[in-house]
Amino acid sequence: MNSAQVKSQGPGRPKDMEKRAAILAAAKALFIRNAFAGTSMDAIAADAGVSKLTVYSHFGDKDNLFREVIRSRIQDLLPEETYFFDPAADVRDTLLRVALTHAHLDCNAETVGTFRAILSDCRQGNPRYGKLIWEEGAARTHGLMERLLQQAVDAGQLDIDDVARASGQFLSLIKGNLMMRQMFGCTECPESYAEEIESTARAGVEMFLRAYQSR
């Protein structure tokens, strides 16, 4: 091996982002299909077209890989910019933007498939994986929503005494029972279900504003 090859493989060499992306994509698909317990690092490596050593090199262990899968999916679909508050904009428009994005994500078949996989692992005695998705998903989302609502309160657009509770109310109102219907496979017509997601989100925003919009 020549000196140039040694140097390129030494400490500080940037990770191969294409391999990292391939590993994450393979892990996402396998975790949804087989749940956490039924997914091996060997299977992830094979689906990604890399060695198992490469998987460990990028992510350390399966717990860390799972956390990165959850974080990556949520940040891809619900980036922090989703919760941007513009004090010059109508708060209704801001909440509607968040509501439609969030409702479509939570009621998405792939998202629900992830939740099913987590519930399967929790049933088998692995609640720490449920805790991972809670921390990276629901807890992060609630924190961002609380920040947005507090900014709206500070700007005089909303009148809320308990912002943390209002955040939970908002996220429940905008999806109703639609996520549970997807969870149990009760979405016979995809077109009408998609329309219902949007109408429920819009109605949830209007109900929230009737309760909390500054008079």
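Residues numbered from 1 in each chain as written. Predicted model: local features only at pLDDT ≥ 70, side-chain atom pairs only at ≥ 80, totals over all residues. Heavy atoms only, no water.

**Side note on the environment of A25**
Phase 1 of the analysis: Position of A25 among the secondary structure elements: in helix α2 (residues 17-34).
Phase 2 of the analysis: Separated by 23 residues in the primary sequence, A25 and A48 place their C-alpha atoms 7.6 Å from one another. (Helix = DSSP H or I, 4+ residues; strand = E, 2+ residues; numbered from the N terminus.)

**Regarding the nonpolar core**
Phase 1 of the analysis: With 31 residues, the main nonpolar core has L95, M145, L149, F170 and F208 as its most contacted residues.
Phase 2 of the analysis: For this core, the secondary structure elements donating two or more residues are α6 (91-106), α8 (127-154), α9 (163-173) and α11 (190-212).
Phase 3 of the analysis: It is α6 that provides the largest number of residues to this core, a total of eight residues.
Phase 4 of the analysis: Discounting residues that sit within four places of it in the chain, L149 has contacts with L95, L158, I160, V163, A166, S167 and F208.
Phase 5 of the analysis: By size, the runner-up hydrophobic cluster in this structure holds 22 residues, among which are A26, A45, F59 and L132. (Core = buried A, V, L, I, M, F, W, Y, C linked by side-chain atoms within 4.5 Å. Buried < 20%, exposed > 50% of the residue type's maximum accessible area, 1.4 Å probe, protein only. Contact = heavy atoms within 4.5 Å.)

**So, the packing of α6 against α11**
Phase 1 of the analysis: Relative to each other, α6 and α11 sit at 145 degrees, their axes nearing to 9 Å. Here the hand of the crossing between α6 and α11 comes out right-handed. Every residue of α11 that contacts α6 at V91, R92, L95, L96, A99, L100, A103 and H104 is listed here: A194, I197, E198, A201, R202, V205, E206, F208 and L209. (Axes fitted to C-alpha atoms, helices over the stretch in contact; angles between N-to-C directions. Left-handed = near helix turned anticlockwise from the far one by under 90°.)

**So, the packing of aromatic side chains**
Phase 1 of the analysis: For the structure shown, the criterion picks out three aromatic pairs.
Phase 2 of the analysis: Considering the side-chain rings of F170 and F208, the 5.2 Å spacing of their centres and the 75 degrees angle between planes classify their relative orientation as edge-to-face. Residue F170 is found in helix α9, and its partner F208 is found in helix α11; the two are separated by 38 residues along the sequence. As far as the burial class goes, F170 and F208 line up, both buried.
Phase 3 of the analysis: What makes F208 buried here is its relative accessible area of 1%. (Phe/Tyr/Trp six-rings, centres within 6.5 Å; stacked < 30°, edge-to-face > 60°.)

**Describing the pattern of salt bridges**
Phase 1 of the analysis: Enumeration according to the criterion identifies six salt bridges in this entry.
Phase 2 of the analysis: A salt bridge links E68 to R20; the nearest nitrogen and oxygen atoms lie 3.4 Å apart. Here E68, found in helix α5 (residues 62-77), pairs with R20, found in helix α2; they are 48 residues apart in sequence, far enough to count as distant.
Phase 3 of the analysis: The closest approach of N and O atoms between R202 and E198, which form a salt bridge, is 3.2 Å. On the criterion of helical spacing, the pair formed by R202 and E198 is a turn pair, its members being four residues apart in helix α11.
Phase 4 of the analysis: Accessibility expressed as a relative area gives 30% for E198, which makes it partly exposed. (Salt bridge = Lys/Arg side-chain N within 4 Å of Asp/Glu carboxyl O.)

**Digging into the UniProt feature "DNA-binding region" (unreviewed entry) in the chain**
Phase 1 of the analysis: UniProt marks residues 40-59 with the feature "DNA-binding region" (unreviewed entry), using the numbering shown here.
Phase 2 of the analysis: The distance from the first to the last C-alpha atom of residues 40-59 is 14 Å, and the span holds 80% helix and 0% strand. (UniProt positions renumbered as here; feature names shortened; annotations may be inferred.)

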